[in-house]
Each structure stands twice: as structure tokens, then as C-alpha cells.
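Residue-level structural notes
Residue-level listing of the chains:
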Amino acid sequence: MEATFNSIIAAAAPLIIASMGETITEKSGVINLSLEGSIRLSAMTAFAVAFWVGHALVGFVAAALVGAAIAAIIAYSSIGLKLNQIAVGFVLTLLAIDLASFLGDSFVGERGPRVPPLPIPFLSDIPFFGKVFFDQDLVVYFSFLTIAATWWFFYRTRPGLNIQGIGERPAAAFARGVNVNKLRFWYTVLGGAMVGIAGAAYSLDVKLGWRETLTLNLGWIALAMVIFGGWHPLRVALGAYMFGALQVLAFQLQDVFPGVSQVLPVAPFPLMILALVFVYSDWFSKLGDRFPRMRNLLGSEAPAGLGQVFERE
Amino acid sequence: MTRSLRLTATAVGFVAALVFGILLLIAIGAPPFEALGLIVEGSVGSLSKLSVTLLAWSPLILAAAGLVVTFAAGLWNIGVEGQVIVGAIAASWVARSIPGPVWAVVPATIVAGAIGGALWALLAGVLKTHGHVHEIFGGLGLDFVAAGFATYLVIGPWKRAGVASTSGTDIFREEAWMPEFEAFGVSWPVLPVLLGVASVIVVWLLLRGTLFGLKLKAVGSNTYSSYLRGIPTNRYLLGAFAIGGALAGVAGTVQVTAFHHKLVPAISGGYGFLAILVVLLAGFSAVAIAPIAFFFVAISVGSTQLDLRLGIDSAFGGVLQGVIVLFVLLAGGWAAKYGSNTLTPRKEP
């Protein structure tokens, strides 16, 4: 039981990091649709660089740069050039996927460095919880940090209040003296860097190695997770852990029902649709009225300025 | 932005993309001009290769024509890939189960493909209009479901006698194949090309010359104000989904009855997503998709030669296509920002 929960927490780590990054980006009002491509290209880059250098950490840095660079293209083209974010994001998705296949061709099947396990002394000795949460590695601890930090940032700091301002009402934030477009650019880049780190987490930690199917379309899942989570870091994290639990469960079911492996890669997607229908259902949207104190957590509305270009009049 | 400025920007984007491609080939140690030459030779280098390229061109323009309709309604029909697949599955079902002569079975497969694609698109549409699920996620989810369903059919209920293999179902009987026409010693995909060209013309007429098209574009540019003006917006959105899906479904039919002559797991050939790139590059215009789709499909068909002859991963073709669209979009953005002083509103969904 401990081992199962331990592997759920570990399996969900890249998804957590990617969806926290995208939550920050979207909260500021920009959609980075390229996640599927960004994750693949950064997973490939991380593996290639770590393979050359022989050290996993360098791979993570390279992956963060790739994710940040793709995000910067989207931010610049939408903020600076007023191009459609979805269009540029979609083109970059396909481009990055093909680029990863093209450049990564020679790395398929190679073995590279990996992130070593790092049980935290004393904490990992706590019965049950120690084994589940603190007998992990640095990537997993980083995923915990991203949840806590994103939540703290949004709801307990002044810049966090500003990020909600530029995402919800850019004109009002601008009138208060916030440089909307500059902040949007840098939050998009920051989110992209986190997506890149998530990619590296696949090729250097969770799955090890590089192949085209390595990341299992989880970029799309991360994008859906942000919507399912109603742009609230804790609910996004809850979704990601539920997804991780299903992944681990499905993997264990493989022994019982051999046919499952064919359905496995597809199964998340009908679930994704149902989950989105659920959070937009009348019943769920009225929950916020019933528990007014938890409205932040229960709301499903996108930031009002999401995807729209802000121009000062 | 003036027309000449837009053309200049497009040309600059193309050239920059080509330079990027050449640099990329040099970077991996491949001979760049030999590789590009192979792409040209492998797609239009001989009559038989031209015939193959035209056969691949047809489903691409069918899917792209459908996307022009959904884009006109302001919809991001990323579900197009799944609509191609379900069209292919529906056509395969007819081809496998309905007996009869060619003149009856082939039209039946086309109709079945159109219905299959339209229904799959309507599913994404209803999820949007009644479930508030954005069409990108609804459509994308349904893409993967369709792909999984095709794989399931190929290795499950429709598997070849004795062997369950992902290489495909049994070959259809010849009455279900789209007829080919021999000329100059090569068989030409006349029917698929006619279907593709017809779809472009119909979509152009629909958006240019009908009240439906006019109202659809109104819904696309401002759904809420169209609603206030009394247009039943949901019905128009679903109509756009159905038309787009039907054309994508016919593209799927072409894939099974004219190209593979059987159902295979990756039946769409990625043409749905590629069609989105084509339409973005075409600036959402129905007329421009035909030449652009030909150029793109030539890259796709030609780059398979890279793998065979130079050992370069054929994903290079996809990289080149993506870079072309990205650079042309960026160049257009630069031209609009720095090139002209007049602020002309640009049309985008």
C-alpha cells in the first residue's frame, strides 16, 4: 500500500510541475498551447545534454531553457506582434514534436544519467507518510515545492495579486500602474521553463531514456488539468494526483487484464472530456454558492482576460 | 496591410524557413541540397510519383476545406484528426459489409465517411454548445478516442483471419476501391482529386455566396452580438461542425478506399493536423488551400525518401512544414507592426 502511494506521488510529479507552470502562464492571461510539443522537445533535449555531459542536472537546465524559449516565442508573437496565441501555440506543438523526433533519432535506446533517490533523513522514518512523501527524489520534492509556492504566490503576495489582476482585468491593472505586457511576457517564460523541467523529469527520472512515445501525450493532459483545476493550484494538483493514481492503477491492472495495455494510452482522454463536463455542470458550479468560503477553490471560470491581447488605449 | 506587403512578408518567411531547414541539415551532418533535391524528386520527380502525391493531396484539401468552414465560425476544430479517422472507419464498415458493384459501393463508402465524420464532429460540437467544453479539448479527446477505436478494430473484431496484427485489416474487395484511370502508363487518382477540388469550390461558394455563409461568418466574428441579432448561434456552430466533419470524413474515405484499400491504425496519416497548418498558412482562405496543400503534401511524400536514401529521420518534413508556417506567421506580424502606418484590422478567428 505504501509502495503504491509512493509510486502515485512519483508518477504525478512531472504532470504537477507542467500544470503548475501552465497555471501561472494562464493566470497572467496567456495560453501556452504548445505543452505537448514543449514537453517532448525538452525531454529529448534534457536526455541528449545529460547524455553528453554525463550529469542529470545539466539536462534539467537545458530543458528549462527549451521550454522557456518556446514560451518566449508565444509570448512575443502574441504580446508584441498581436498574433493569435492558439495559432502560434498549435504550430509550435507540431513543430516541437517533429523536431524532437528528428533530433532525437540517434538517442533512442541509449542509457543516460538519472536523478538519484534521496530519502530525507528523519522525515522518511515517519510511519506511512514518510515512506509516501519523503522517500522520493529531488524532482518529486520540487513538485511539492511548485504546488506550495504557486499557492503562496497567488494568494499571499502582492505580485501574486497583480498576476490575477493582469489575467482578469488587464485594463484595471494597467491603470493601477502595473506593466501588464511585460509581466505577461515573463510569467509565460517562467511557466514555459517549468514545463521544460517537467519534460526533463520524464527522460531523466520517471521513464529514463528517450523515445517518441515517452511522454504519452501528457502535455495535453496538463492543459486539461489546468481547466479541471479551475486555475487554482491546489485543485490542479488534486487533479494531477488523481490522474497519477489512475495511471498506477491501470499499470497494475495490466497483470489482471492483459488487454488493458492496448486501451491504456487512450483511456485518459474520454476521462478528460468527462472531467471537464463535470466541472462545468450546473451542479458543480452551484457548489461555490453552497460553500462561499471555498469559492476560489470551487470556481471554474477562466481568467477573464485569458487569450486576449492587451493594448493601452 | 497592403497586399504587396503581405506577399513580401510571406516570401521572406518562406525563404527564412528554407534557410533554417538547410542549417538544420548541415547541423546533423547531412548534405542539405541533396536532401532537398530528394524531397522534390520523391514527390514530383516522375509521373508515378506525381500520382502518389496527388492521391495524398486529395484528403489533405478535403480536410482543409472543412476546416475553412469551422474557422469561419470561429472554431478551433482540432478534432479534425478524429473526424478523418471515424470517416475512415465508417467507410471501411461499408466496404467490408455491403456487397455490390463498384458504382454502388464506392458512393456508399463516401456517404458513410461523410456521415461518420459529421457525427464525430457534432459530438465535439454538442460538448461545446451544451457541455461548455472548449472544442480544442473536446476535439482533442475525441481524436485519441477515435485513434484507439481504429486500433481496437484492427487488432480485435476486424483482425485478419488468424493473425491479429497492427498492419491492418484484410484488403477490401476490389469493388470497394475508388476506381483509378490509366494514362501515360500511370494510374491516376481522378476520383479523389475531383472530390478534393469539388470540396474547395463548394466551401468557397458557401462562404462567398450564401446567406448561411454570411451568417456563419457573423457568428464566427462575434457570437454574442449575432445571438442578440437573432441568429440561432448554436445551430450555426453545430452546422459548421457537421460540414467540417463531413468533409474530413470523406478525406478518411479516400484514405481507406483509394490509398490503403484497408483500415490501418494510423489511418489519418496526420492529415487532419497538417490541414490545420495548411489553413493557417492560407490565411483561412478557401482558394489558397489548394496550392499550399500541394506544396505541403509534396514535402510529406518527398521526405519519406530521406529515410530510405540518406538515413535522415523523415520527421524533417514535418519540421520544415512547421517552420514555414511559424516564420510566415511571424513575418506577417512584423509586417503588420512595422510595415504600414495604417491600422487595418486583420481577420483571425
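Predicted, not measured: the structure shown is a model, and the values here were computed from it.

1. Topic: the overall build of chain B
Secondary structure summary: chain B contains 13 helices and 2 strands in total. Relative to the compact-globule value of 20 Å for 349 residues, chain B shows a C-alpha radius of gyration of 21 Å, a close match. If you line up chain B on its principal axes, its C-alpha atoms span 70 × 60 × 35 Å. Counting every position in chain B, which comprises 349 residues, the buried fraction comes to 54%. Residue pairs in contact within chain B that sit at least 24 positions apart in sequence constitute 77% of those at least 6 positions apart.

2. A short note on the overall build of chain A
For chain A, the count of helices and strands is 15 helices and 0 strands. Against the compact-globule benchmark of 20 Å for 313 residues, chain A has a radius of gyration of 19 Å, which places it among compact chains. Along the first, second and third principal axes, the C-alpha atoms of chain A reach 60 × 45 × 40 Å. When each of the 313 residues of chain A is scored for burial, the buried share is 57%. By sequence separation, contacts in chain A at least 24 residues apart represent 76% of the contacts at least 6 residues apart. Counting every atom, chain A has about 13700 Å² of accessible surface; 68% of that belongs to carbon and sulfur. Both charge centroids of chain A, one from 20 positive and one from 19 negative side chains, sit 10 Å from each other.

3. As for the side chain of Lys27 of chain A
Residue and element names in this part refer to chain A. Relative to the assigned elements, Lys27 resides in helix H1 (residues 2–27). No salt bridge is formed by the buried Lys27; the nearest opposite charge belongs to Glu168, separated by 5.6 Å. Beyond its immediate chain neighbours, meaning those up to four positions away, Lys27 contacts Phe154, Tyr155, Ile163, Gln164, Gly167, Trp231 and Pro303.

4. Topic: the packing of aromatic side chains
We describe a pair of aromatic rings using the distance from one ring centre to the other and the angle between the two ring planes. All names here are of chain A. All told, the structure shown has 19 aromatic pairs over all chains when counted by the stated rule. Pairing Phe153 with Tyr187 gives two aromatic rings, centres 5.9 Å apart and planes at 55°, and the pair type is tilted. With Phe153 in helix H6 (residues 138–156) and Tyr187 in helix H9 (residues 180–206), the pair connects residues that are 34 residues apart, well separated along the chain. Following the ring pairs from residue to residue traces out a cluster consisting of Trp151, Phe153, Phe154, Tyr155 and Tyr187.

5. Quick notes on the interface of chain B and chain A
Of the residues lining the interface, 42 residues belong to chain B; the matching set on chain A comes to 38 residues. One can count 0 salt bridges joining chain B with chain A. Run the count over chain B and chain A and you get 2 residue pairs in polar contact (both at pLDDT 80 or more). Elements with a minimum of two residues in the side of chain B that touches chain A: helix H1 (3–27), helix H5 (102–131), helix H6 (135–155), helix H11 (271–281) and helix H13 (315–339) of chain B. Among the elements that take part in the side of chain B that touches chain A, H13 of chain B stands out by supplying 14 residues, more than any other. In the side of chain B that touches chain A, the residues fall into 30 nonpolar, 8 polar and 4 charged.

6. Section: the pattern of salt bridges
All names here are of chain B. If you walk through the whole model with that rule in mind, you get 3 salt bridges over all chains. One salt bridge connects Glu41 with Lys49, and the closest N-O pair in it is separated by 3.9 Å. By relative accessible area, which is 35% here, Glu41 ends up partly exposed. You can call Lys49 partly exposed: its relative accessible area is 25%. Notably, a salt bridge pairs Lys128 with Glu135, separated by 2.7 Å at the nearest N-O pair.

7. Structural notes on empty space enclosed by the protein
Residues and elements named next belong to chain A. This structure, assessed with the given rule, holds 1 cavity of 30 Å³ or more. As a volume, the largest cavity reaches approximately 40 Å³. Val30, Ser78, Ile79, Gln85, Asn181, Arg184, Gln308, Val309 and Phe310 together form the lining of the largest cavity. Elements with a minimum of two residues in the lining of the largest cavity: helix H3 (56–80) and H9. Considered class by class, the residues forming the lining of the largest cavity number 4 nonpolar, 4 polar and 1 charged.

8. Some remarks on the domain arrangement of chain B
Residue and element names in this part refer to chain B. Examined at the domain level, chain B breaks down into domain 1 (1–30 + 312–349) and domain 2 (47–311). For domain 1 and domain 2, the distance between their C-alpha centres works out to 26 Å. Every contact between the two is made by 16 residues of domain 1 and, on the other side, 17 residues of domain 2. Between domain 1 and domain 2, the buried area comes to about 1400 Å², and carbon and sulfur atoms account for 76% of it. Across the contact surface, domain 1 and domain 2 share 0 salt bridges. Of all the elements, H13 adds the most residues to the side of domain 1 that touches domain 2, at 9 residues. Taken together, the residues of the side of domain 1 that touches domain 2 sort by class into 9 nonpolar, 4 polar and 3 charged.

9. Side note on the nonpolar core
All names here are of chain B. The biggest cluster of nonpolar side chains holds 215 residues, and the ones touching the most others in it are Phe137, Leu263, Ile276, Ile289, Phe296 and Phe316. The element best represented in this core is helix H3 (residues 47–72), accounting for 15 residues. When residues of this core are assigned to domains, at least three map to each of domain 1 (1–30 + 312–349) and domain 2 (47–311). Apart from the residues within four sequence positions on either side, Phe296 is in contact with Leu274, Leu277, Val278, Leu281, Gln321, Ile324 and Val325.

10. Some words on H9 of chain A
Residues and elements named next belong to chain A. The first and last C-alpha atoms of H9 sit 37 Å apart over 27 residues, in line with the 39 Å expected at 1.5 Å per residue. The sharpest bend along H9 comes to roughly 25°, located at Ala200. Looking one or two residues past H9, Leu208 carries a phi angle of roughly 65°, positive in sign.

11. Some remarks on a nonpolar patch on the surface
Together, Leu246, Leu249, Leu253, Val256 and Leu271 of chain A line one region of the surface with nonpolar side chains, adding up to about 430 Å² of accessible area. Along the chain, Leu271 of chain A falls in helix H13 (residues 268–279).

12. Brief notes about the environment of Ser28 of chain A
Residue and element names in this part refer to chain A. Residue placement: Ser28 occurs in the loop between H1 and helix H2 (35–53). As for Ser28 and Tyr187, which are separated by 159 residues in sequence, their C-alpha atoms are 6.8 Å apart. Within the structure, Ser28 has its side chain in polar contact with the backbone oxygen of Thr25 (distance 2.8 Å).

13. Some details on the confidence of the model for chain A
Here chain A shows a mean pLDDT of 85. Residues at 70 or above account for 96%. The element-level mean pLDDT for chain A is lowest in helix H12 (residues 260–263) of chain A, coming to 62, with H3 of chain A highest at 93.

14. Some details on the packing of H1 of chain A against H6 of chain A
Residues and elements named next belong to chain A. At a minimum axis distance of 8 Å, the contact between H1 and H6 shows a crossing angle of 30°. With respect to H6, the axis of H1 lies roughly parallel. Here the hand of the crossing between H1 and H6 comes out left-handed. Between H1 and H6, the residues in contact are Ile9, Ala10, Ala13, Ile16, Ile17, Met20, Thr23, Ile24 and Lys27 and Val139, Val140, Phe142, Ser143, Phe144, Thr146, Ile147, Thr150, Phe154 and Tyr155, respectively. The residue inventory of the contact of H1 with H6, partitioned by class, reads 14 nonpolar, 4 polar and 1 charged.

Cut-off values and rules
Residues numbered from 1 in each chain as written. Chains lettered and ligands numbered in written order. Predicted model: local features only at pLDDT ≥ 70, side-chain atom pairs only at ≥ 80, totals over all residues. Heavy atoms only, no water. Helix = DSSP H or I, 4+ residues; strand = E, 2+ residues; numbered from the N terminus. Rg over C-alpha atoms; globule rule 2.2 N^0.38 Å. Buried < 20%, exposed > 50% of the residue type's maximum accessible area, 1.4 Å probe, protein only. Contact = heavy atoms within 4.5 Å. Areas by Shrake-Rupley, 256 points an atom, 1.4 Å probe, with all protein chains shown as cover. Lys, Arg positive; Asp, Glu negative; His and termini not counted. Charge placed at Lys NZ, Arg CZ, Asp CG, Glu CD. Salt bridge = Lys/Arg side-chain N within 4 Å of Asp/Glu carboxyl O. Phe/Tyr/Trp six-rings, centres within 6.5 Å; stacked < 30°, edge-to-face > 60°. Polar contact = N/O pair within 3.5 Å; in protein donor to acceptor, adjacent residues only side chain to side chain. Nonpolar A, V, L, I, M, F, W, Y, C, P; charged D, E, K, R; others polar. 1 Å grid on protein atoms, 1.4 Å probe; cavity = no way out; pocket = protein on both sides within 12 Å on 5 of 7 lines; lining within 4 Å. Points joined across faces, edges and corners; volume = space filled by probe spheres on them. Domains from an automatic or database assignment. Buried area = accessible area lost by both parts, 1.4 Å probe. Core = buried A, V, L, I, M, F, W, Y, C linked by side-chain atoms within 4.5 Å. Expected span 1.5 Å × (residues − 1). Bend = angle between axes of the 7 residues up to and from the residue. Patch = residues over 30% accessible without salt bridge, like charges linked within 9 Å, V, L, I, M, F, W, Y side chains within 5 Å. pLDDT = per-residue confidence, 0-100. Axes fitted to C-alpha atoms, helices over the stretch in contact; angles between N-to-C directions. Parallel < 35°, antiparallel > 145°, perpendicular 65-115°, else oblique. Left-handed = near helix turned anticlockwise from the far one by under 90°.

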